[in-house]
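Breakdown of the fold
Residue strings, one per chain:
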Amino acid sequence: MNCQHCHKPIEDQYTLCPTCELAFTLLILRLATFTEPLKASLDSTIHPGGHQPTRTNLPTPPTPIRLEVLDLIDILDSTACELARWLEDSDQETAFTSIQDALIRCTESDHLPRFADAELYWQTFTRLEKRILQTIDAPEETRIIGRCPNRLCGIQLTAPNTAITITCPICNNTWTVKEVKSEWLRQLVQEGRKTGTAAECAKAFTISGINLQRKTINKWAERQKLTSIGVDSSQHALYRYADVYRIATRKSAKRLDKNQSVAA
Ligand SMILES: [Zn+2]
Ligand SMILES: [Zn+2]
């Protein structure tokens, strides 16, 4: 016998080699993680054409649904249930509590590497995965960059990593991504009580264009320049953004002074 997928020789009664069995299992598990984002992509008011550079989180309930997403969910559901029934050798009436349930039961089955149509389902699932990834907002492609700087709007804005400008889908103002990001930090700082861990502070500052490392913040705390005002649930020290901002900007002002005096 040969593996249906990579065609390497394998033991009799098997249809997939151990490596391909693992790869197929991982594909099925990935699909299980896509079901929630898929359902979230159903709302056509939030996702007007699918892969959107901007995405709004409206408080209104989902209205018109995207039929192509509904279609995808249906295909995934029926394919998953079909495969799970084959693998469990159960009658056509077996009910699964969810798509995830059906998919996970596929991965748990001992019959997966012996299933006669393994390669066929693999191809079907691979095609489905491709379509799903084109439909859902892939988290690594777009991310939250802050809130709309328009005070009257203030909606959460998302942009792809490569975006330079962004048009707010609600108030229609166009901002540079930099403006949105620094506005976010400005608000964190201005609202004096906002706190974050060293890592969170470093991230907010760096995103906003002030390069700051977590270990620098920790060092300030060690030297008692910065006082923590409690800990989060994982026992990480919390700092006020306003305090961090004060030290960070004082530092860079000093550095500027120094450079100027060197130049002079
Ligand atoms: Zn193989
Ligand atoms: Zn806006």
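Below: a short report on this structure. (Residues numbered from 1 in each chain as written. Chains lettered and ligands numbered in written order. Predicted model: local features only at pLDDT ≥ 70, side-chain atom pairs only at ≥ 80, totals over all residues.)

**Some points on the overall build of the protein chain**
Tallying secondary structure elements over the protein chain gives eight helices and six strands in all. Helices and strands appear in the protein chain in the N-to-C order α-α-α-α-β-β-β-β-α-β-α-α-β-α. The proportion of buried residues among the 264 residues of the protein chain is 27%. Residue pairs in contact within the protein chain that sit at least 24 positions apart in sequence constitute 50% of those at least 6 positions apart. (Helix = DSSP H or I, 4+ residues; strand = E, 2+ residues; numbered from the N terminus. Buried ≥ 20, exposed ≤ 12 C-beta atoms within 10 Å, placed from the backbone. Contact = placed C-beta atoms within 7 Å.)

**Let's talk about unusual backbone geometry**
The backbone of Gln-13 shows a phi angle near 75°, a positive value even though the residue is not glycine. Mapping Gln-13 onto the fold places it in the segment before α1 (18–40). Assessed through the 8 C-beta atoms surrounding it within 10 Å, Gln-13 is described here as exposed. With phi around 70°, Asn-172 is a residue other than glycine that occupies positive phi space. Relative to the elements of secondary structure, Asn-172 occurs in the loop between β3 (165–167) and β4 (174–176).

**A word on the nonpolar core**
With 27 residues, the main nonpolar core has Ala-80, Ala-84, Ala-102, Leu-103 and Cys-106 as its most contacted residues. Of all the elements in the fold, those that place two or more residues in this core are α1, α2 (67–88), α3 (99–108) and α4 (118–135). Those residues in contact with Ala-102, other than ones at most four positions away along the chain, are Ala-80, Cys-81, Ala-84 and Phe-96. Within the second largest apolar cluster, 16 residues are counted, among which are Leu-185, Ala-198, Tyr-239 and Tyr-245. (Core = buried A, V, L, I, M, F, W, Y, C linked by C-beta atoms within 7 Å.)

**Thoughts on the environment of Ser-78**
By the element assignment, Ser-78 lies in helix α2. Sequence separation between Ser-78 and Ala-102 is 24 residues; the distance between their C-alpha atoms is 9.4 Å.

**Structural notes on the environment of Leu-67**
Structurally, Leu-67 is set in helix α2. Considered as a pair, Leu-67 and Asp-43 are 24 residues apart in the sequence and their alpha carbons are 9.6 Å apart.

**Quick word on α3**
For α3, the set of buried residues is Ile-99, Ala-102, Leu-103, Arg-105 and Cys-106. Down the axis of α3, the buried set is contained in an arc of 160°. They therefore lie on one face. In this structure, the buried residues of α3 make contact with α1 and α2. (Arc of directions from axis to C-beta.)

**Details of the packing of helix α6 (residues 198–207) against helix α7 (residues 214–222)**
The N-to-C vectors of α6 and α7 enclose an angle of 125°; their axes lie 8 Å apart at closest approach. As summarised for this structure, α6 and α7 are arranged oblique, according to the angle between their axes. The two elements α6 and α7 meet at a crossing, and its hand is right-handed. Counting all contacts with α6, which are made through Ala-198, Ala-199, Cys-201 and Ala-202, the residues of α7 involved are Arg-214, Ile-217 and Asn-218. Taken together, the residues of the contact of α6 with α7 sort by class into five nonpolar, one polar and one charged. (Axes fitted to C-alpha atoms, helices over the stretch in contact; angles between N-to-C directions. Parallel < 35°, antiparallel > 145°, perpendicular 65-115°, else oblique. Left-handed = near helix turned anticlockwise from the far one by under 90°. Nonpolar A, V, L, I, M, F, W, Y, C, P; charged D, E, K, R; others polar.)

**Let's talk about the packing of α1 against α3**
Running from N to C, α1 and α3 cross one another at 170°; their axes reach a closest spacing of 9 Å. Taken as axis vectors, α1 and α3 run roughly antiparallel relative to one another. Counted together, Thr-25, Ile-28, Leu-29, Leu-31, Ala-32 and Thr-35 of α1 and Ile-99, Gln-100, Leu-103, Ile-104, Cys-106 and Thr-107 of α3 form the full contact between these two elements. Classifying every residue of the contact of α1 with α3 gives eight nonpolar, four polar and no charged.

**As for helix α5 (residues 177–190)**
Over its 14 residues, α5 extends 20 Å from the first C-alpha to the last, a length consistent with the 20 Å expected when each residue adds 1.5 Å. When α5 is considered as a whole, its buried residues turn out to be Val-180, Lys-181, Glu-183, Leu-185, Leu-188 and Val-189. (Expected span 1.5 Å × (residues − 1).)

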